[in-house]
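For reference, the chains in residue letters:
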Amino acid sequence: MSRKKAKTVDKKNSSGKKEIKSAESKHFQHLFHQMLRIRQFEEKAAELYGEMKIRGFLHLYIGEEAVATGVTEVLSPDDNLVATYREHGYALLRGIPAGTIMAEMYGKKEGCCLGRGGSMHLFDSKTRLFGGNAIVGGGLPVAVGLALADKMQGNKRITCCIFGDGAVAEGEFHESMNLASLWHLPVLFICENNYYAMGTALRFTHAVTDLAGRAVAYNVKSSYVDGMEVRAVEEAVKNAAGIVRKERAPYFLECRTYRFRAHSMFDSDRYRTREEIEEWKKKDPVVNFRQFVLDNGYADGKDLGNIEKDVQDEIDEAVAFAESGTWEDVEDLTKHVYSEKNLK
Amino acid sequence: MKKKGKKIQYREAVRLALTEAMEKDERVFLMGEDVGRYGGAYAVSLGLLEKFGPERIIDTPLCESGFVGVGIGAALGGMRPIVEIMTVNFSMLALDQIMNNAATYLHMSGGQFNVPLVIRMATGGGRQIAAQHSHSLEGMYAHIPGIKVLTPATLEDARGMLWTALEDPDPVLIFEYAGLYNMEGELAEDSGPVDIDKSRVMRPGKDITVIAYGGTLSKAMDAAQLLSDNGIDCEVIDLRVLRPLDENTFINSVCKTHRALMVDEGWRSGSISAEVSTRIMEKAFYELDSPVERICSAEVPMPYSKHMEQAALPQVDEIVKTVRRIVNKDG
């Protein structure tokens, strides 16, 4: 919005032009920084998995960074976020310290969930992150319920719900779209369509592959966006979230993206061709955006070098934090099955 | 002293509880299939829509998973939802939300997100509505850590468990035995919230402990009455809460009577009665004068025809016969 306004100034004088350029530079460098944080965090996690520091399931987000970056850029700190098991990037960008997330993935007590949740179940009450849900589609009704609670209490926030193309085949998707639309609830449904439900391609699982188009059935406004392009995602989310806030009604945004890595660390990636992956890698959201920023003078090599060093330091510190973490007492095993606090 | 009450049906007792909860706490709302305009499939919420309006008595589409999940989200968001599922068999459609979300959020989040949600549903057989509306799956739910499972079998509990459940920080499932909705009795006018932790000795006795819950309680009480006419003194326990299970009450009782029979409308294999029996074996084995026995439903999907359905369910005469044999007074 502010940038659009600035453009009228742009025509009038060159000092205005400079201001815009400087504001844009700052913003684009920030977007690059955020995407790189996810990329490096994920690369490190993969490495640590190889070293057996992280175990269980680990679902990497590499290739999809533009989506989480564009989405979190638009949300306010007070908004609710319900995410999937591929949620490290969201947790990081919503403001959970990298070390706390890494410690969770190590299974350490210093993790955001004491090590009880792990990679797939990152929760944080401070940043209103309601999980990390590893049942495909399972978070959607919960997001609708959070929005219902806000409507009932007259809260202004919105609830953003992340899910994949796989979830669109689940009954809970359809139930949730219907309920959110029927009851006019402020839910921003973000579908990260990476074209594969684990290892089965969209074309083998959906009779209608235009996912955004499905929202019509529920009288929910929708659109799709190139999920490999962070500026496009940011603009699309800004528009979508604006509608949700203004109309207090749901919106469905499909972000078309691709994961470069296998579904999880157990996946041998037999269901897609090397050529297909290479073709998508040409659209690498981090590499391409870096080039865009350089080519258009929004940053120079030194600026980006500083960002890269910042990110490296952050990741190094996160790993050190997780390494130095401690294990929860086995005596506490049955804690947190029922609340200790008494609600009144 | 309880004030002398007036005649009231079980369904009215639940309605009283709902009404009181809605009046006491504006965060409370009721949501489910046909709870509003229809008045509830079992007429429990009849009149509540008129009293509280459509914002708080919410008719949902037929989407058990969806609206139970919405209940979870609303609970996380600061409300105190009561979700009604029409019948226990339909709750299978919401099992994902109950088991994978409601029961796990607190633990997965390392203690950050509790889910103060109450789910009510009708359960049990005996009404000739066959294999998709008649089962007793409370025992199955009692397997799941993270939720509480209540089985009000008396008017006092039908009236009093709901408010206590709403004050609980964690998800509570209340199973209302459908065959009890028409049960009429006297309820003290000052009756109110009751505990949801303890089993209750409904009838003290010395010869045998008969453990029941929900729909089998009245059968156990009837059998105990018949047996007392024959000089056999049964101690009848209403479990009331299937999870967390209050084992002290029945263990103490068995230590006194040295014999135990559990009457359970669930299927025998993997049932709550199997759990109770095992706990008696673990905690009171040397107190026993005879093996713990069980009367459960036959292991078939519920048949429609009346004689077959009755044959599938625990019956009073079977309880009487079994108790006589155990106590060994019938030769």
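Computed from a predicted structure; not experimentally measured.

**Considerations on the environment of A:Asp226**
Residue and element names in this part refer to chain A.
Here is step 1 of the chain: Position of Asp226 among the secondary structure elements: in strand β7 (residues 221-226).
Here is step 2 of the chain: Between the alpha carbons of Asp226 and Ala236 there is a distance of 9.4 Å; along the sequence they are 10 residues apart.
Here is step 3 of the chain: Setting aside chain neighbours within four positions, we find Asp226 in contact with Ala232, Val233 and Arg256.
Here is step 4 of the chain: Looking at Asp226, its side chain comes within polar contact range of the main-chain nitrogen of Met228, at 2.9 Å.

**Brief notes about helix α3 (residues 64-76) of chain B**
One turn of the α-helix equals 3.6 residues, which is why residues spaced by three or four share an orientation.
Residues and elements named next belong to chain B.
Here is step 1 of the chain: The end-to-end C-alpha separation of α3 is 18 Å, in line with the 18 Å expected for 13 residues at 1.5 Å each.
Here is step 2 of the chain: The element α3 is extensively covered by neighbouring structure, given that 13 of its 13 residues are classed as buried.
Here is step 3 of the chain: Of the residues flanking the end of α3, it is Gly78, one or two places downstream, whose phi is positive at about 105°.

**So, unusual backbone geometry**
Here is step 1 of the chain: Note that the residue after B:Arg243, namely B:Pro244, is joined by a cis bond; omega there is -5°.
Here is step 2 of the chain: Tracing the backbone through its elements, the reader meets B:Pro244 in the loop between β12 (241-243) and α9 (247-257).
Here is step 3 of the chain: The phi angle at A:His336 is positive, at roughly 65°, despite the residue not being glycine.
Here is step 4 of the chain: Tracing the backbone through its elements, the reader meets A:His336 in the segment after α13 (301-323).
Here is step 5 of the chain: Assessed through its relative accessible area of 16%, A:His336 is described here as buried.

**Focus on the environment of B:Arg200**
Residues and elements named next belong to chain B.
Here is step 1 of the chain: Here Arg200 is to be found in strand β9 (residues 200-203).
Here is step 2 of the chain: Taking the relative accessible area as the measure of exposure, Arg200 reaches 26% and is therefore partly exposed.
Here is step 3 of the chain: As for Arg200 and Ser305, which are separated by 105 residues in sequence, their C-alpha atoms are 35 Å apart.
Here is step 4 of the chain: Residues within four places of Arg200 in sequence aside, it is in contact with Thr154, Asp157, Val236, Ile237, Asp238 and Arg240.
Here is step 5 of the chain: For Arg200, the side chain forms a polar contact with the side chain of Asp157, separated by 3.3 Å.

**Notes on the layout of surface pockets**
Here is step 1 of the chain: Taken as a whole, the largest pocket spans an internal volume of roughly 470 Å³.
Here is step 2 of the chain: Taken together, 34 residues line the largest pocket, and the ones lying closest to its centre are A:Tyr85, A:Arg86, A:Val136, A:Met198 and A:His263.
Here is step 3 of the chain: Those elements that provide at least two residues to the lining of the largest pocket are β1 (80-84), α6 (139-153), β3 (159-164) and β5 (196-197) of chain A.
Here is step 4 of the chain: The element contributing the most residues to the lining of the largest pocket is β3(A), with 4 residues.
Here is step 5 of the chain: Looking at the second largest pocket, it is lined by 17 residues, and the ones nearest its centre are A:Met152, B:Pro54, B:Glu55, B:Arg56 and B:Ile58.

**As for the confidence of the model for chain B**
One rule of thumb: low pLDDT means the predicted coordinates there are not for detailed reading.
Here is step 1 of the chain: Across chain B, the average pLDDT comes to 96, with 98% of residues at or above 70.
Here is step 2 of the chain: Per the prediction output, this complex has pTM 0.95; the corresponding ipTM is 0.95.

**Quick notes on the pattern of salt bridges**
All names here are of chain A.
Here is step 1 of the chain: Under the criterion given, the structure shown has 37 salt bridges over all chains.
Here is step 2 of the chain: For Glu308, the salt bridge goes to Arg290, with nearest N and O atoms at 2.8 Å. With Glu308 in helix α13 and Arg290 in helix α12 (residues 285-295), the pair connects residues that are 18 residues apart, well separated along the chain.
Here is step 3 of the chain: By relative accessible area, Arg290 is classed as partly exposed at 25%.

**Digging into the interface of chain B and chain A**
Here is step 1 of the chain: With 48 residues of chain B in contact, the opposing surface of chain A contributes 39 residues.
Here is step 2 of the chain: Of all residues in chain B, the largest losses of buried area upon contact with chain A belong to B:His107, B:Met108 and B:Phe113, amounting jointly to 18% of the total for that side.
Here is step 3 of the chain: Applying the counting rule to chain B against chain A returns 0 salt bridges.
Here is step 4 of the chain: Of all the secondary structure elements, the ones that give two or more residues to the side of chain B that touches chain A are β2 (28-32), β3 (57-59), α3, α4 (95-102) and α5 (105-108) of chain B.
Here is step 5 of the chain: It is α3(B) that provides the largest number of residues to the side of chain B that touches chain A, a total of 10 residues.
Here is step 6 of the chain: Tallied by class, the residues present in the side of chain B that touches chain A amount to 20 nonpolar, 17 polar and 11 charged.

**Regarding α6(A)**
All names here are of chain A.
Here is step 1 of the chain: Look at α6: 21 Å from first C-alpha to last across 15 residues, which is about the 21 Å you get at 1.5 Å a residue.
Here is step 2 of the chain: Within α6, 12 of the 15 residues are buried, leaving the element largely enclosed by the surrounding structure.
Here is step 3 of the chain: When we look at burial in α6, the residues that qualify are Gly139, Leu140, Pro141, Val142, Ala143, Val144, Gly145, Leu146, Ala147, Leu148, Ala149 and Asp150.
Here is step 4 of the chain: Following α6 by one or two positions, Gly154 adopts a phi angle in the positive range, close to 70°.

**A closer look at the confidence of the model for chain A**
Here is step 1 of the chain: In this model, chain A carries a mean pLDDT of 94, and residues with pLDDT of at least 70 account for 95%.
Here is step 2 of the chain: The low-confidence segment residues 1-10 of chain A (pLDDT under 50) makes 11 contacts with residues lying over four places distant or belonging to another chain.

**A look at the packing of aromatic side chains**
Aromatic rings considered in pairs are described by the distance between their centres and by the relative angle of their planes.
Residue and element names in this part refer to chain A.
Here is step 1 of the chain: All told, the structure shown has 22 aromatic pairs over all chains when counted by the stated rule.
Here is step 2 of the chain: With a centroid separation of 4.7 Å and 85° between ring planes, the pair formed by Phe28 and Tyr298 is classed as edge-to-face. Placement of the pair is Phe28 in helix α2 (residues 14-50) and Tyr298 in the loop between α12 and α13, with a sequence separation of 270 residues. Grouping residues by exposure puts Phe28 and Tyr298 together as buried.
Here is step 3 of the chain: Taken together through their ring pairs, the aromatic side chains of Tyr195, Tyr196, Tyr258, Tyr271 and Trp280 make up a single cluster.
Here is step 4 of the chain: Sitting above the plane of the Tyr49 ring, Arg55 keeps its charged end 4.5 Å from the centroid.
Here is step 5 of the chain: Here the guanidinium or amino end of Arg231 rests over the ring plane of Phe292, the centre of that ring lying 3.8 Å away.

**Looking at the state of the cysteines**
Here is step 1 of the chain: In the structure shown here, the tally under the stated rule is 0 disulfides over all chains.
Here is step 2 of the chain: Lacking any disulfide linkage, B:Cys63 is separated from the closest cysteine sulfur, that of A:Cys161, by 15 Å.

Quick notes on the rules
Residues numbered from 1 in each chain as written. Chains lettered and ligands numbered in written order. Predicted model: local features only at pLDDT ≥ 70, side-chain atom pairs only at ≥ 80, totals over all residues. Heavy atoms only, no water. Helix = DSSP H or I, 4+ residues; strand = E, 2+ residues; numbered from the N terminus. Contact = heavy atoms within 4.5 Å. Polar contact = N/O pair within 3.5 Å; in protein donor to acceptor, adjacent residues only side chain to side chain. Expected span 1.5 Å × (residues − 1). Buried < 20%, exposed > 50% of the residue type's maximum accessible area, 1.4 Å probe, protein only. 1 Å grid on protein atoms, 1.4 Å probe; cavity = no way out; pocket = protein on both sides within 12 Å on 5 of 7 lines; lining within 4 Å. Points joined across faces, edges and corners; volume = space filled by probe spheres on them. pLDDT = per-residue confidence, 0-100. Salt bridge = Lys/Arg side-chain N within 4 Å of Asp/Glu carboxyl O. Buried area = accessible area lost by both parts, 1.4 Å probe. Nonpolar A, V, L, I, M, F, W, Y, C, P; charged D, E, K, R; others polar. Phe/Tyr/Trp six-rings, centres within 6.5 Å; stacked < 30°, edge-to-face > 60°. Lys NZ or Arg CZ within 6 Å of the ring centre and 35° of its normal. Disulfide = S-S within 2.5 Å.

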